[in-house]
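# Inside the fold
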Amino acid sequence: MVLEAVACKHCGQTQQVKRYSTTRAGTQRYRCYDCSRTFVQTYTHKARDPLVNEQITQMVLNGAGIRDTARILGVNRNTVSTQFEKK
């Protein structure tokens, strides 16, 4: 059995990351005890990925339309408009 070091997506810590629970879909969740945040290694929905949310923000601020952004990133246009309203 090979143990894989899991790095926190928020702070980058590898020593204080432990398995936490599972999601409704059955994927493993992890908790970083250094920053007290939970995360998933791979997201099943693109809209939950923090990198996609950052891309949405960057594209809308650079003048791309909501429908164009949704089409390029492969997410729903309502997700793009919701993210834009949060910012």
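Residues numbered from 1 in each chain as written. Predicted model: local features only at pLDDT ≥ 70, side-chain atom pairs only at ≥ 80, totals over all residues. Heavy atoms only, no water.

## Comments concerning the side chain of threonine 57
Note the threshold: For helices the rule is a DSSP run of H or I covering at least 4 residues; for strands it is a run of E covering at least 2, with both sets numbered from the N terminus onward. Residue exposure (1.4 Å probe, protein chains only): buried if accessible area is under 20% of the type maximum, exposed if over 50%, otherwise partly exposed. Any pair of nitrogen or oxygen atoms within 3.5 Å is treated as a polar contact; in protein, a donor-acceptor pairing is required on top of that, and neighbouring residues in sequence qualify only through side-chain atoms on both sides.
Considering the arrangement of structural elements, one finds threonine 57 in helix α1 (residues 50-61). Overall, the relative accessible area of 15% leaves threonine 57 in the buried class. Within the structure, the side chain of threonine 57 is placed 3.1 Å from the backbone oxygen of asparagine 53, a separation counted as a polar contact.

## Topic: the nonpolar core
Threshold: Grouping buried Ala, Val, Leu, Ile, Met, Phe, Trp, Tyr and Cys residues that are joined through side-chain atoms within 4.5 Å yields what is termed a nonpolar core. Between two residues, a contact is recorded if the distance between any of their heavy atoms is within 4.5 Å.
Counting seven residues, the largest nonpolar core consists of Val52, Ile56, Val60, Ala70, Leu73, Val75 and Val80. Counting only elements with at least two residues in this core, the list comes to α1 and α2 (66-73). Contact partners of alanine 70, with chain neighbours within four places excluded, come to Val75, Asn76, Arg77 and Val80. Counting six residues, the second-largest nonpolar core is a separate cluster that includes Cys8, Tyr30, Cys32 and Phe39.

## Quick word on α2
Our working definition: Within this analysis, the arc is defined by the directions that extend from the helix axis to the C-beta atoms.
Burial in α2 covers these residues: Thr69, Ala70 and Leu73. Summarising the axial view, the buried residues of α2 lie within an arc of 100°, below the 170-degree limit, and thus occupy one face. Pointing more than 90 degrees away from the buried face of α2 are the exposed residues Arg67, Arg71 and Ile72. Phi turns positive one or two residues past the end of α2, at glycine 74, with a value near 75°.

## A closer look at the pairing of strand β1 (residues 17-22)
Heads up, the condition is: A pair of strands counts as paired when DSSP detects no fewer than two bridges linking them.
The pairing of β1 with strand β2 (residues 28-32) spans five bridges and is classified as antiparallel. Bridge pairing in β2 places lysine 18 opposite arginine 31. Taken together, β1 and the strand that follows it, β2, pair antiparallel across an intervening segment of five residues, in which glycine 26 is found at a positive phi of about 100°.

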